[in-house]
Amino acid sequence: MPKAVWNDLVVAESDDTVLVEGNHYFPRSALRDDLIRDSDTHTVCPWKGTASYYTLEHAGATSPDAVWYYPDPKPEAEMVRDRVAFWKDVRVVD
């Protein structure tokens, strides 16, 4: 089962991921709310739309904008709605 791991903590785990452009998108419900805070960062993907971000925080450590999601994806990217993906220092492992 795919897991997103940061600083030896499992931040998300699910057997229901969607693989898009090499990234596992986990159901939003699989993400641990106790490890995230909203970020003001936004980026734009030409075909998926505007991405929003979460910062990971735990025990004094932070990983700014390490989690991204598309709150209102474009129609061709509907498969990522209500899902999150990871980058930076988060590893996705099976």
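Caption draft 1: Quick look at the pairing of strand β4 (residues 23-27). With three bridges connecting them, strand β3 (residues 18-20) and β4 associate as antiparallel partners. The partner of Val20 across the bridge, within β4, is Asn23. In textbook terms, the turn of a hairpin is the stretch between consecutive antiparallel strands, and for β3 and β4 this stretch comprises two residues, one of which, Glu21, has a positive phi near 50°. Sheet topology places β4 next to strand β8 (residues 83-86); two bridges connect them, and they run antiparallel. Within β8, the position partnered with Pro27 by the bridge is Arg83.

Caption draft 2: Geometry of the environment of Leu19. Take Leu19: it is sitting in strand β3. Residues Leu19 and Arg81, 62 residues apart in the sequence, show an inter-C-alpha distance of 13 Å.

Caption draft 3: Representation of the environment of Val90. Positionally, Val90 belongs in the loop between β8 and β9 (91-93). Residue classification places Val90 among the buried residues on the basis of a relative accessible area of 9%. Each C-alpha atom of the pair Val90 and Val67 lies 8.6 Å from the other, and the pair is 23 residues apart in sequence. Apart from the residues lying within four places of it in its own chain, the contact partners of Val90 are Ala4, Val5, Trp6, Val11, Leu56 and Ala66.

Caption draft 4: Representation of the environment of Asp65 within the structure. Residue position: Asp65 is located in strand β7 (residues 61-69). Separated by 12 residues in sequence, Asp65 and Tyr53 place their C-alpha atoms 5.2 Å apart. For Asp65, the residues in contact, after removing those within four places along its chain, are Ser39, Thr41, Tyr53, Tyr54, Thr55, Trp87 and Lys88.

Caption draft 5: Focus on the pairing of strand β6 (residues 49-58). The buried fraction of β6 is high, at seven of 10 residues. Two elements, strand β5 (residues 36-45) and β6, share seven bridges in a ladder whose sense is antiparallel. Residue pairing across strands places Cys45 opposite Gly49, the latter belonging to β6. What sits between β5 and β6 in their antiparallel hairpin is a turn of three residues. As judged from the six bridges shared by β6 and β7, these two strands associate in the antiparallel manner. Considered in β7, the bridge of Glu57 is made with Thr62. Taking the residues between adjacent antiparallel strands as the criterion, β6 and β7 are bridged by two residues, where Ala59 takes a positive phi near 50°.

Thresholds applied
- Residues numbered from 1 in each chain as written.
- Predicted model: local features only at pLDDT ≥ 70, side-chain atom pairs only at ≥ 80, totals over all residues.
- Heavy atoms only, no water.
- Pairing = 2+ DSSP bridges.
- Helix = DSSP H or I, 4+ residues; strand = E, 2+ residues; numbered from the N terminus.
- Buried < 20%, exposed > 50% of the residue type's maximum accessible area, 1.4 Å probe, protein only.
- Contact = heavy atoms within 4.5 Å.

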